[in-house]
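These are the residues of each chain, in order.
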Amino acid sequence: LLFKTRPPLPIGMWRLLRRPLRSLHEGLLGGAQARDDVELAPVDEAVRVDEGTACAGGASVQVVRKRWCEHLAAAGLLLGVSVPTLVIAAVVCGEWQNFPAQRGWLILGFGFYIAAALRALWSLFVQVCERMLYLRVELRRFVCPTLFEAVTDALAKESERLGLTCSWDQEATQEHDKLTGDMAVKLRFWSSQARSMRVCVTLGGEDGGVRGKLDLQVQFSPGEDVVCGRDSRVERREVLVLSTRTSSEHALKDKALLTKWFEQCYKTYTQPEEGIVKVHALQESSTDWMPEWKFERVKPCKSASGTGQSFFLERDALGKVLADARLWSKSALRVYMITGPPGVGKSEFTIWLAGKLRLPVYRLCLSSPKLTDDRLAQLLSQTAVTHDSVLVQVDEFQGTMTRWLAGSTSSGCPGGITPGGFCECLQGSTAMGRGVVVLTGTTETSAEQARQMFPAVFRRIHCVAELSWMTVDDIRCYFRQFLMRFVSGCSTEEWDTWEAAFLQQTGPWASRPISVDMLKQFFMRQITESSCIGLGDFTSPAGASSDNMPTEFKVHDERRPDFFRLICDHGQAELFLNEYAPVHVQVVPAVRAC
């Protein structure tokens, strides 16, 4: 009775003999030694439960296989389908040969019913076999729209690369281009017609080898059009069914491979495009409905090496914010406050930071009275935010602070987000696990009065940075990098000469506070004036087709001195600065980066 290995007997017989043999063996050797020496129950290693971990009175679970029932049903169906098929075929053939005159009546009277019955039986047999031998996974666009689009995008890119979509029905849509943000007409991979295709998915391992392969049959069902929401938008109940041939021994491995492929498709699809930042905002289809995050627009990423509108002026005060975000934002939620006068580049810094961190921007305004504490927690939950990590921008935060200060001196806060609810979303049980929150506002946002009234809010802010007016070095750098896009062939000595002329001590740019927006608006105004008087011409960008409208303005080399004299005209600068909207500066105690 001492079996170190399992004898080659059928599983059903071992189950019948398991209990009497175990009782006899335990009577001879004792229970503990019998369990160590004898293995009588053919239990799968994947579903075996360790008896030593089960406490007294506890519950243990063991999966009982019933594959024999499915095989028995398939065998019965096969027998029930095959025998009538053979009998009917024999009878029809006999009647066909013995009574030639009755062939027409035989076809008209029994052909349709016989074919329909056999087709139904064979369909049922195929369904039972597919349930036993195939792994089927459904992707419904209504349930998981992002994953549905991710898998569709992976299939579409590979099909386009191999040229396998030239004869397929496709649906024309109009949507924003991910790189330029312009409206473009695109051909959607799926259409209103059902379609099926076969793909082979290969997953690589960590060591560089092949982790596994899956041969998938992909079936697309367009479904019916459904009118959704108060805005009466039309949605289609599309379904993707992915099936692969498997067995009871490989089912768990195939599920793991398929899940891993889904995760890779999702990460590839949601990964931000290089050089752009996607901005999401709250939109509501009705006034009495909960607002939802919707993709709003695409913003290009600016850099310190760019020119024209692509140039970003990196300030020393923001270096610590970038270093902290790169170090901790992937594992924890980081909160930053950026203050400064209007036009110094606070919102532009938020887009630049999102581009550096490769995160989408979720823009939030706390001044709306409809936005309550519960709604804010719901909007920042994992079910509402479709990305793993995001950058939440809370713009014009000084308005929220002013409302809180007014509410603290009256009977209560006049609706909207409260300081306690906002603190709970920054650091509490409902706070995001990782990402970045940027609070932008004017200088009075971080004033000493606000710090004393709301210490809990400022305790949750990890870094405070102040953007002030541009220095002389900032203006000189912006002068060269912005104008470099419109002039070419300038030497270093020529740039130095015109920078000195622009920044004369008696000029307006060195005698008053200057913001980034002031300087940029003046340059754009003067470049427009130079275009009107014929100092340059429009040229097509490099790599653009001849059908595209030229958008690059270049100054003629022989007219460069006239162009720079127009830029350095102090009279025009005085007129522009006097017309520029006045900025009221409030003197507050200096705030260091903490």
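The structure presented is a predicted model; accordingly, all values stated were derived computationally and were not measured.

(A) The arrangement of the overall build of the protein chain in detail. When helices and strands are counted, the protein chain shows 18 helices and 17 strands. Going through the 594 residues of the protein chain one by one, you find that 35% of them count as buried. Partitioning the contacts of the protein chain with sequence separation of at least 6, the portion at a separation of at least 24 is 68%. When the accessible surface of the protein chain is totalled, it reaches about 34,800 Å², and 55% of it is carbon and sulfur.

(B) Main features of empty space enclosed by the protein. This structure, assessed with the given rule, holds 4 cavities of 30 Å³ or more. Taken as a whole, the largest cavity holds about 70 Å³ of empty space. Leu333, Leu364, Leu366, Leu376, Leu380, Val392, Val394, Phe422, Cys425, Leu426, Met432 and Val437 are the residues that line the largest cavity. Counting residues per element, the lining of the largest cavity draws most heavily on helix α11 (residues 419–426), which supplies 3 residues. Each residue belonging to the lining of the largest cavity can be placed in one class, and the counts come to 12 nonpolar, no polar and no charged.

(C) Fine view of the sheet that holds strand β14 (residues 435–441). Read across the sheet, 7 strands follow the order β10-β9-β12-β13-β14-β11-β15 without closing on themselves; strand pairing throughout is mixed. For this open sheet the edge positions go to β10 (292–300) and β15 (463–466), each flanked by a neighbour on one side alone. With direction set aside, neighbouring strand axes in the sheet form an average angle of 25°. Strand direction decides the pairing type here: strand β11 (residues 333–339) and β14, joined by 7 bridges, are parallel. Bridge assignment links Ile338 to a residue of β14, and that residue is Thr440.

(D) Representation of helix α7 (residues 319–328) within the structure. For α7, the full list of buried residues reads Val321, Leu322, Asp324 and Ala325. Looking down the long axis of α7, one finds its buried residues gathered within 165° of arc, a one-sided arrangement.

(E) Representation of the confidence of the model for the protein chain within the structure. On average, residues of the protein chain score 78 in pLDDT, and 76% of them reach the 70 mark or higher. Looking over the protein chain, one finds the lowest element-wise mean pLDDT in helix α2 (residues 31–37), namely 42, and the highest in strand β13 (residues 391–394), namely 94. Contacts of residues 1–9 to residues separated by more than four positions or lying in other chains number 18 contacts, the stretch itself having pLDDT below 50. Across residues 585–594, confidence stays below pLDDT 50; counting only partners more than four residues off in sequence or on other chains, it has 14 contacts.

(F) Examining the side chain of Thr400 more closely. Assignment of secondary structure puts Thr400 in helix α10 (residues 397–409). Excluding its chain neighbours within four sequence positions, the residues that come into contact with Thr400 are Leu366 and Ser367.

(G) Highlighting unusual backbone geometry. Positive phi outside glycine occurs at Arg358, with the angle close to 60°. Turning to its location among the elements, Arg358 is positioned in the loop between α8 (346–357) and β12 (361–364). Even without a glycine there, the phi angle at Glu396 is positive, about 55°. Among the structural elements, Glu396 can be located in the loop between β13 and α10.

(H) Representation of the packing of aromatic side chains within the structure. One pass over the structure, following the stated rule, counts 29 aromatic pairs. Centre to centre, the rings of Phe479 and Phe523 are 5.9 Å apart; their planes meet at 70°, and the pair counts as edge-to-face. Within this pair, whereas Phe479 is found in helix α14 (residues 472–483), its partner Phe523 is found in helix α16 (residues 516–532), the two being separated by 44 residues in sequence. Each member of the pair, Phe479 together with Phe523, is buried. Seen in terms of ring centroids, Phe479 and Phe564 are 6.4 Å apart; in terms of plane orientation they differ by 35°. Their pairing is tilted. Taken together, the positions of Phe479 in helix α14 and Phe564 in helix α17 (residues 560–567) put the pair 85 residues apart, joining distant regions of the chain. Summarising the burial analysis for this pair, Phe479 and Phe564 share the class buried. If you follow Arg195 out to its NZ or CZ, it ends over the ring of Phe189, 5.3 Å from the centre.

How each quantity is defined
- Residues numbered from 1 in each chain as written.
- Predicted model: local features only at pLDDT ≥ 70, side-chain atom pairs only at ≥ 80, totals over all residues.
- Heavy atoms only, no water.
- Helix = DSSP H or I, 4+ residues; strand = E, 2+ residues; numbered from the N terminus.
- Buried < 20%, exposed > 50% of the residue type's maximum accessible area, 1.4 Å probe, protein only.
- Contact = heavy atoms within 4.5 Å.
- Areas by Shrake-Rupley, 256 points an atom, 1.4 Å probe, with all protein chains shown as cover.
- 1 Å grid on protein atoms, 1.4 Å probe; cavity = no way out; pocket = protein on both sides within 12 Å on 5 of 7 lines; lining within 4 Å.
- Points joined across faces, edges and corners; volume = space filled by probe spheres on them.
- Nonpolar A, V, L, I, M, F, W, Y, C, P; charged D, E, K, R; others polar.
- Pairing = 2+ DSSP bridges.
- Axes fitted to C-alpha atoms, helices over the stretch in contact; angles between N-to-C directions.
- Arc of directions from axis to C-beta.
- pLDDT = per-residue confidence, 0-100.
- Phe/Tyr/Trp six-rings, centres within 6.5 Å; stacked < 30°, edge-to-face > 60°.
- Lys NZ or Arg CZ within 6 Å of the ring centre and 35° of its normal.

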